[in-house]
Amino acid sequence: MTPVKQISVFVENKHGKLSSVARYLADGGVSIRAMCMADTTDFGIFRLLVSDYEKAEKVLKAAGITCSVTEVLVVEIEDTPGAFADAMAVLADNHISLEYAYAFLTPTIGKAYIIIRVEDNIGAAKILTDNGIKIVSQEEIV
Amino acid sequence: MFFQKDIETMPRKQLEELQLERLKWTVDYCYKNVPFYTKKLDEAGVTADKIKSLEDIRYIPPTTKADLRDNYPFGLFAKPMKEIVRIHASSGTTGKPTVVGYTKHDLDIWSDCMARICTAAGATSDDIVQISFGYGMFTGALGLHYGLEKIGATVIPNSSGNTEKALMYMRDFGTTALVATPSYALYMCETAKSLEYPMSDYKLKLGLFGSEGCTPEMRTQIENGWGLFATDNYGMSELMGPGVSGECRERNGLHFNEDFFLPEIVDSETLEAKPEGEYGELLVTTLTKEGIPLLRYRTRDITKLTYEPCKCGRTHARMEKVQGRSDDMLKIRGVNIFPSQIESVLISIDQVSPHYQLVVRREGFADTLEVQVELVDSSLLDSYGKIQQLQKDIGRKIQTVLGIQCKISIVEHGTIERFVGKAKRVVDLRKENK
């Protein structure tokens, strides 16, 4: 029920920037579990869940890249119509706002994972689990 | 503390008499020994006899950097090479370097000037001083070097570059004072903090900074970072090097070494004298120089002077920190802008680094100014909103100061060039578009 650590990387909108960030991670032996990058004008924030966030932070900082570690919730739901709507309804009913969210699927297992950023991770996690929705721990995404 | 108290606290009347006598000598000396001045003074109809008071200096035509370049390399020297014992030159980034020569007497006076300024700043024979200016043709390092040796301080001629090694000397030798440009002092501090040694391993207590401007905000940042007392000194190779003026512990203006250098403040367009306390371009006439004497040299630096005696007891005129250079000044959409104004805004914002770059472009018929700053506060990565808010805040603050809108670009930390010598902050692309 604990929040998961997410790496946020500041990237300028320049040719080859994402590739170089990804390469530093690869060279450090860090595997990317999920990621999100929205379209932007001058700069963007590249958000990642990785196999080893401490290592990721270390290799990026050593390369002089501005990054930070923040906590997010990883919510596990069934990969069926309505499961996402139900999970969001729980948050809405409890007046929990999302700052941002992204998702990844594992079709072979039939699960979907939504990564959400809310103000109060612990509170939101409790409400979700109380409503029978599973929160994935750090260990499970390694 | 004084190095030459009788001169530094000389009553103004007596000082002005000394200046007038030396001014007459210099005019006569230039006329007799430098063909460039013989011609110039003849054309203006000025002889030493015509100078009856210090105000009469206005009859003398000014000297510019272009005059030094046109007479490259030794054309303005007043002594044969046999009597010149040292040569220095400016960096020459915008053309041929300007070359200056010193006689033995010039070097002796230079080290006196520097010794006065270092002493006024608080340096003593107990200090271990690391010089992080580049040695070589640049006057900064050797100027401070001889002045500090003259007061008996221990000099470490570390030069610039290899910052980690410089920091190692600082820790191991117990360096108490640092000579550097303000931006390099700040960069050294950034580097020191990134190493594994605690800041308590550094014993710095005094900074002797110069060669480029330093805003009060940047000074505070250097002082807080290093835990030292920062002082500014001023000069330029054409006049001698550093040692023209410098701050005492009061830090209420830079004391001019007025017995060697006669300052004037004029309107940079009309060259009319400005009243005391008003901003204008600083003109300086050397009063004792033998190697390359200069009459009314146009420094292009914008500042103001006060002749009120300082609380420290010194009677020589004090100049305010240089506001900007008349040739660094950017004219954007008809508004005069000095990079230092933008720097003071940026340095007050913790989320960005004090390193910045200004890019001026011409888009259609309008000039645009882009300010590039580095994001250092990684906690803002939580949301786009926070970074956009920061952009807006910086833009609004700069607009309040400059009166024009500019584009704020947030760039990655470490991508703006760090300068060891004079920082070059402005990229003006308007000329290329023409």
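Residues numbered from 1 in each chain as written. Chains lettered and ligands numbered in written order. Predicted model: local features only at pLDDT ≥ 70, side-chain atom pairs only at ≥ 80, totals over all residues. Heavy atoms only, no water.

What follows concerns the overall build of chain A. Within chain A, the regular secondary structure consists of four helices and seven strands. Its helices and strands taken in sequence order, chain A reads β-α-β-β-α-β-α-β-β-α-β from the N to the C terminus. Looking at chain A as a whole, 45% of its 142 residues qualify as buried. The long-range fraction of contacts in chain A, counting pairs at least 24 apart against all pairs at least 6 apart in sequence, stands at 70%. In the form shown here, chain A has an accessible surface area of approximately 7200 Å², with 53% of it arising from carbon and sulfur atoms. (Helix = DSSP H or I, 4+ residues; strand = E, 2+ residues; numbered from the N terminus. Buried < 20%, exposed > 50% of the residue type's maximum accessible area, 1.4 Å probe, protein only. Contact = heavy atoms within 4.5 Å. Areas by Shrake-Rupley, 256 points an atom, 1.4 Å probe, with all protein chains shown as cover.)

On a plain count of helices and strands, chain B comes out with twelve helices and 21 strands. Here chain B holds 434 residues, and 55% of them are scored as buried. Sequence-distant contacts in chain B: of pairs separated by 6 or more residues, those separated by 24 or more amount to 67%.

Right, let's talk about the confidence of the model for chain B for a bit. Averaged over all residues, the pLDDT of chain B equals 91, while 97% of them reach at least 70. Model confidence for the complex: the whole-complex pTM is 0.70, and ipTM, which rates the interface, is 0.76. (pLDDT = per-residue confidence, 0-100.)

What follows concerns the sheet that holds strand 21 (residues 426-428) of chain B. Residue and element names in this part refer to chain B. Ordered by their spatial adjacency, four strands build an open sheet running 20-19-18-21, and the pairing between neighbours is mixed. Each of the sheet's edge strands pairs with one partner strand only, and the pair in question is strand 20 (407-411) and strand 21. Between one strand and the next, the sheet's axes are offset by a mean angle of 20°, whatever the strand orientation. Against the sheet, helix 10 (residues 339-347) touches strand 18 (352-363), strand 19 (366-375) and strand 21, its axis set at about 140° to strand 18. (Pairing = 2+ DSSP bridges. Axes fitted to C-alpha atoms, helices over the stretch in contact; angles between N-to-C directions.)

Taken together, the contacts link 16 residues of chain B with 20 residues of chain A. In this assembly, chain B packs against chain A so that about 1600 Å² is buried in total across both faces, 53% of it on carbon and sulfur atoms. Three residues stand out in chain B for area buried against chain A, namely Leu381, Tyr384 and Glu412 of chain B, and they jointly supply 46% of the buried area on that side. Where chain B meets chain A, there are three salt bridges. The salt bridge partner of Lys17 of chain A is Glu412 of chain B, with a shortest N-O separation of 3.3 Å. The interface formed by chain B and chain A includes seven residue pairs in polar contact (both at pLDDT 80 or more). For the side of chain B that touches chain A, the elements supplying multiple residues, two or more each, are helix 11 (384-402) and strand 20 of chain B. Per-class residue counts for the side of chain B that touches chain A are six nonpolar, seven polar and three charged. (Buried area = accessible area lost by both parts, 1.4 Å probe. Salt bridge = Lys/Arg side-chain N within 4 Å of Asp/Glu carboxyl O. Polar contact = N/O pair within 3.5 Å; in protein donor to acceptor, adjacent residues only side chain to side chain. Nonpolar A, V, L, I, M, F, W, Y, C, P; charged D, E, K, R; others polar.)

All names here are of chain B. Where helix 5 (residues 104-121) meets helix 6 (residues 139-150), the closest approach of the two axes is 7 Å, and the angle between their N-to-C directions is 75°. The angle between the axes of helix 5 and helix 6 places the two elements in the roughly perpendicular class. In this structure, helix 5 contributes Asp108, Trp110, Ser111, Asp112, Met114, Ala115 and Cys118 to the contact, and helix 6 contributes Thr139, Gly143, Leu144, Tyr146, Gly147, Leu148 and Lys150. Here the residues of the contact of helix 5 with helix 6 sort into seven nonpolar, four polar and three charged. (Parallel < 35°, antiparallel > 145°, perpendicular 65-115°, else oblique.)

Now for helix 7 (residues 163-173) of chain B. Residue and element names in this part refer to chain B. Those residues of helix 7 that fall on the buried side of the exposure criterion are Thr163, Ala166, Leu167, Met170 and Arg171. Taken around the axis of helix 7, the buried residues stretch over an arc of 135°, which confines them to a single face. For helix 7, the elements touching its buried residues are strand 3 (128-131), strand 5 (177-180), helix 8 (182-194) and helix 9 (216-226). Downstream of helix 7 by a residue or two, Gly174 has a phi angle that is positive, lying close to 65°. (Arc of directions from axis to C-beta.)

All names here are of chain B. If you look at the biggest cluster of nonpolar residues, it comprises 67 residues, and the most contacted ones within it are Leu144, Leu148 and Phe261. Residue contributions to this core peak at eight residues, all from helix 5. In contact with Phe261, other than residues within four places in its own chain, are Gln19, Cys113, Leu239, Met240, Gly243, Val244, Phe256, Val284, Thr285, Thr286 and Leu287. Judged by nonpolar contacts, the second largest core, of 29 residues, contains Val360, Ile387, Ile404 and Ile408. (Core = buried A, V, L, I, M, F, W, Y, C linked by side-chain atoms within 4.5 Å.)

On to the environment of Lys289 of chain B, then. All names here are of chain B. By the element assignment, Lys289 lies in the loop between strand 11 (280-286) and strand 12 (297-303). Between the C-alpha atoms of Lys289 and Leu239, which are 50 residues apart in sequence, the distance is 8.7 Å. Side-chain polar atoms of Lys289 contact the backbone oxygen of Ile292, separated by 3.3 Å.

What follows concerns the side chain of Arg171 of chain B. Mapped onto the elements, Arg171 of chain B comes out in helix 7. Apart from residues lying up to four places away in sequence, Arg171 of chain B is in contact with Leu195, Tyr197, Asp201 and Tyr202 of chain B.

So, about the packing of aromatic side chains. All told, the structure shown has ten aromatic pairs over all chains when counted by the stated rule. Measuring from centroid to centroid gives 5.3 Å for Phe10 of chain A and Phe43 of chain A, while their planes differ by 25°, and the two rings are stacked. Of this pair, Phe10 of chain A sits in strand 1 (residues 4-12) while Phe43 of chain A sits in strand 3 (residues 43-50), placing them 33 residues apart in sequence. What makes Phe10 of chain A buried here is its relative accessible area of 1%. Judged by its relative accessible area of 5%, Phe43 of chain A is buried. The interplanar angle of 35° and the centroid separation of 5.1 Å between the aromatic rings of Phe74 of chain B and Phe77 of chain B together place this pair among those described as tilted. Relative accessible area serves as the criterion here: at 37%, Phe74 of chain B is assigned to the partly exposed category. We note Lys50 of chain B situated over the ring of Tyr59 of chain B; from NZ or CZ to the ring centre the distance is 4.5 Å. (Phe/Tyr/Trp six-rings, centres within 6.5 Å; stacked < 30°, edge-to-face > 60°. Lys NZ or Arg CZ within 6 Å of the ring centre and 35° of its normal.)

Attention now goes to the pattern of salt bridges. On inspection of all chains with the given rule, the structure shows 37 salt bridges over all chains. Residue Glu16 of chain B is joined to Arg12 of chain B by a salt bridge in which the shortest nitrogen-to-oxygen separation is 3.2 Å. Highlighted residues: Glu16 of chain B and Arg12 of chain B, both in helix 2 (residues 12-33), separated by four residues, approximately one helical turn. Judged by relative accessible area, which is 34%, Glu16 of chain B ranks as partly exposed. Salt-bridge contacts for Glu223 of chain B lead to Arg251 of chain B; the nearest nitrogen and oxygen are separated by 2.7 Å. Of this pair, Glu223 of chain B sits in helix 9 while Arg251 of chain B sits in the loop between strand 8 (241-247) and strand 9 (254-256), and the two are 28 residues apart along the sequence. What makes Glu223 of chain B buried here is its relative accessible area of 16%. The class for Arg251 of chain B is partly exposed, based on a relative accessible area of 27%. One continuous salt-bridge network, built from bridges that share partners, spans Glu76, Glu78, Lys111, Lys134 and Glu140 of chain A.

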